[in-house]
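Structure assessment
Below, each chain spelled out in residue letters.
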Amino acid sequence: MLPHDFWQDILPPKSFDPAGGHAAFYPATFADGRQICLPIRPLSDGRHALASLIVNQASFAVVDALAEDLAGRLSLLRPDIVVGLPTLGLTLASAVAEKLGHRRYVPLGTSRKFWYSDALSVPLSSITTPDQQKRLYVDPRMLPLLKNCRVAVVDDVISSGASIRAALSLLEACGVEPVVVGAAMLQSDRWHKALGEEGPHWPERVRGSLETPLLARGENGLWYGPAGASGSPPNG
């Protein structure tokens, strides 16, 4: 696949075997079996890699499919309002809120408007921009929308858990405890520990449309999930 072809198409079930060795992309699978090819991004150690999803570069059809699936998962928790994380999470949060039948959503931001309060902000970092130190803000005018409501927090990808922890801390400062956290993709399971430090119940409140493992390079140079990291398919 060419670089600009990623995140553009939803493929039929069983188009690719997720357990097999992967050279350039990992086939993430929806609950109904449909698949989407995600580019593989090697980590700095050269031995591990992650599957990547950039929602705001995805086709409208892919964003719609992710939003539809995630909205279905979140609807079981009956959220009254969706809170979206910047930057990439805002595209998904808006679409999910609309799928849930909401009129609007609450976008958090990293740009401080002059009427914002520093008291309603927390430090923010993410795996895709580890060297950029930002702050996460909530517009004070949005606070009435969150009061006494069942809140769902939505981001594009949960990986290290740092961004979600920042959102939870910010909402706690606002007197809000979300009932559910949602994402288009749960990138490996490294976020479990980070969210567990916020409270043992938080990992159980997370929902994701796609789940992708931490990949390991096999002896043959291909990338495998945990069961096939030796260099040959798990059942080979």
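Within any chain, residue numbers begin from 1 and follow the written order of that chain's sequence. Only residues with pLDDT of at least 70 get local features here, since the model is predicted, and only at 80 or more are side-chain atom pairs given and counted; chain-wide, interface and lining totals rely on the full set of residues. The side-chain quantities take in all heavy atoms of the structure and omit both hydrogens and water.

Here's the deal with the overall build of the protein chain
Counted only if it meets this: We count a stretch as a helix when DSSP gives it H or I for four or more residues in a row; a strand needs E for two or more, and each element gets its number in order from the N terminus. With C-alpha atoms as the basis for the radius of gyration, the globule rule is written as 2.2 Å multiplied by the number of residues raised to the power 0.38. The cut-offs for exposure are 20% and 50% of the maximum accessible area for each residue type, with area from a 1.4 Å probe on protein chains only; residues under the lower value are buried, those over the upper are exposed, and the others partly exposed. Here a residue-residue contact requires only that any non-hydrogen atoms of the pair lie within 4.5 Å. For accessible areas, the Shrake-Rupley method is used with a probe of radius 1.4 Å. Any residue's cover is judged against the shown protein chains and nothing else. Only four residue types enter the charge count, namely Lys and Arg as positive and Asp and Glu as negative; His and the chain termini do not. By convention, the charge on Lys lies at NZ, on Arg at CZ, on Asp at CG and on Glu at CD.
What the protein chain contains, in helices and strands, is five helices and 12 strands. The C-alpha atoms of the protein chain give 18 Å as radius of gyration, which agrees with the globular expectation for 236 residues (18 Å, within 12%). Dimensions of the protein chain, computed from C-alpha atoms along their principal axes, come out at roughly 55 × 35 × 35 Å. Within the protein chain, the fraction of its 236 residues that count as buried is 49%. Expressed as a percentage of contacts within the protein chain between residues at least 6 apart in sequence, the contacts between residues at least 24 apart total 65%. With the model as given, the accessible surface of the protein chain reaches about 11600 Å², and the carbon-plus-sulfur share is 52%. Looking at charge distribution, the protein chain has the averaged site of its 22 positive side-chain charges lying 5 Å from that of its 23 negative ones.

Quick notes on the confidence of the model for the protein chain
Counted only if it meets this: Confidence of the predictor at the level of single residues is given by pLDDT, which spans 0 to 100.
Taken as a whole, the protein chain shows an average pLDDT of 92; of its residues, 93% reach a score of 70 or greater. Taken together, the stretch residues 228-236 has pLDDT below 50 and engages in 16 contacts with residues farther than four places along the chain or on a different chain.

With respect to the sheet that holds strand β5 (residues 106-107)
Selection rule: One bridge is not enough; two strands pair if DSSP finds at least two bridges between them. Helix axes are fitted only over the stretch in contact, all axes being lines through C-alpha atoms; the angle between N-to-C directions runs from 0 to 180 degrees.
Read from one edge to the other, the open sheet built from five strands follows the order β5-β4-β8-β9-β10, with strand pairing classed as parallel. With partners counted over all chains shown, the strands left at the sheet margins are β5 and β10 (206-212), one partner each. Of the strand pairs in this sheet, strand β4 (residues 81-84) and β5 are connected by two bridges, and their pairing is parallel. Directly across from Gly 84, in β5, lies its bridge partner Pro 107. Sitting on the sheet, helix α2 (residues 88-99) is in contact with β4, β5, β8 (151-158) and β9 (180-187), with an inclination near 135° to β8. Helix α4 (residues 162-173) contacts β8 and β9 of the sheet and is inclined by roughly 160° relative to β8.

Quick notes on the environment of Leu 145
Position of Leu 145 relative to the elements: it lies in helix α3 (residues 143-146). Since its relative accessible area comes to 25%, Leu 145 is described here as partly exposed. Through-space distance from the C-alpha of Leu 145 to that of Gly 221 is 51 Å; in sequence the pair is 76 residues apart. Not counting residues up to four positions away in its chain, the partners in contact with Leu 145 are Ile 81, Arg 104 and Val 106.

Points about the packing of α4 against helix α5 (residues 191-198)
In plain terms, the rule: Any angle from 65 to 115 degrees is called roughly perpendicular, while one under 35 is roughly parallel, one over 145 is roughly antiparallel, and all others are oblique. Handedness of a crossing follows from how the near helix is turned relative to the far one, being left-handed for an anticlockwise turn of less than a right angle and right-handed for a clockwise one. Nonpolar residues are Ala, Val, Leu, Ile, Met, Phe, Trp, Tyr, Cys and Pro. Charged residues are Asp, Glu, Lys and Arg, and all others, Gly as well, are polar.
Viewed as axis vectors pointing N to C, α4 and α5 meet at an angle of 15°, and their least axial separation amounts to 9 Å. Compared by their axis directions, α4 and α5 come out roughly parallel. The handedness of the crossing between α4 and α5 is right-handed. Residues Ile 164, Arg 165, Leu 168 and Ser 169 of α4 lie in contact with α5, whose contacting residues are Ala 194, Leu 195, Glu 197 and Glu 198. For the contact of α4 with α5, the class distribution of residues is four nonpolar, one polar and three charged.

With respect to α2
Among the residues making up α2, those that are buried are Gly 89, Leu 92, Ala 93, Ala 95, Val 96 and Ala 97. Tucked inside the fold, the buried residues of α2 contact α1 (60-75), β4, β8 and β9. Positive backbone phi, approximately 85°, marks Gly 101, located one or two places after α2.

Quick notes on the side chain of Asp 139
For the record, the criterion: N or O atoms closer than or at 3.5 Å make up a polar contact, with two conditions inside protein: a donor-capable atom paired with an acceptor-capable one, and, for residues adjacent in sequence, both atoms drawn from side chains.
With respect to the secondary-structure elements, Asp 139 resides in the loop between β7 (134-137) and α3. Overall, Asp 139 belongs to the buried group, its relative accessible area being 7%. Within the structure, Asp 139 has its side chain in polar contact with the backbone nitrogen of Arg 141 (distance 2.9 Å). Contact partners of Asp 139, with chain neighbours within four places excluded, come to Trp 115 and Tyr 116.

Details of the sheet that holds strand β1 (residues 25-29)
Strand order in this open sheet of five strands is β1-β2-β3-β11-β12, and the pairing throughout is antiparallel. Looking along the sheet, the strands with just one partner apiece sit at the ends: β1 and β12 (223-224). Pairing geometry for strand β3 (residues 48-51) and strand β11 (residues 215-217), over two bridges, is antiparallel. The residue of β11 that forms the bridge with Ala 49 is Leu 215.

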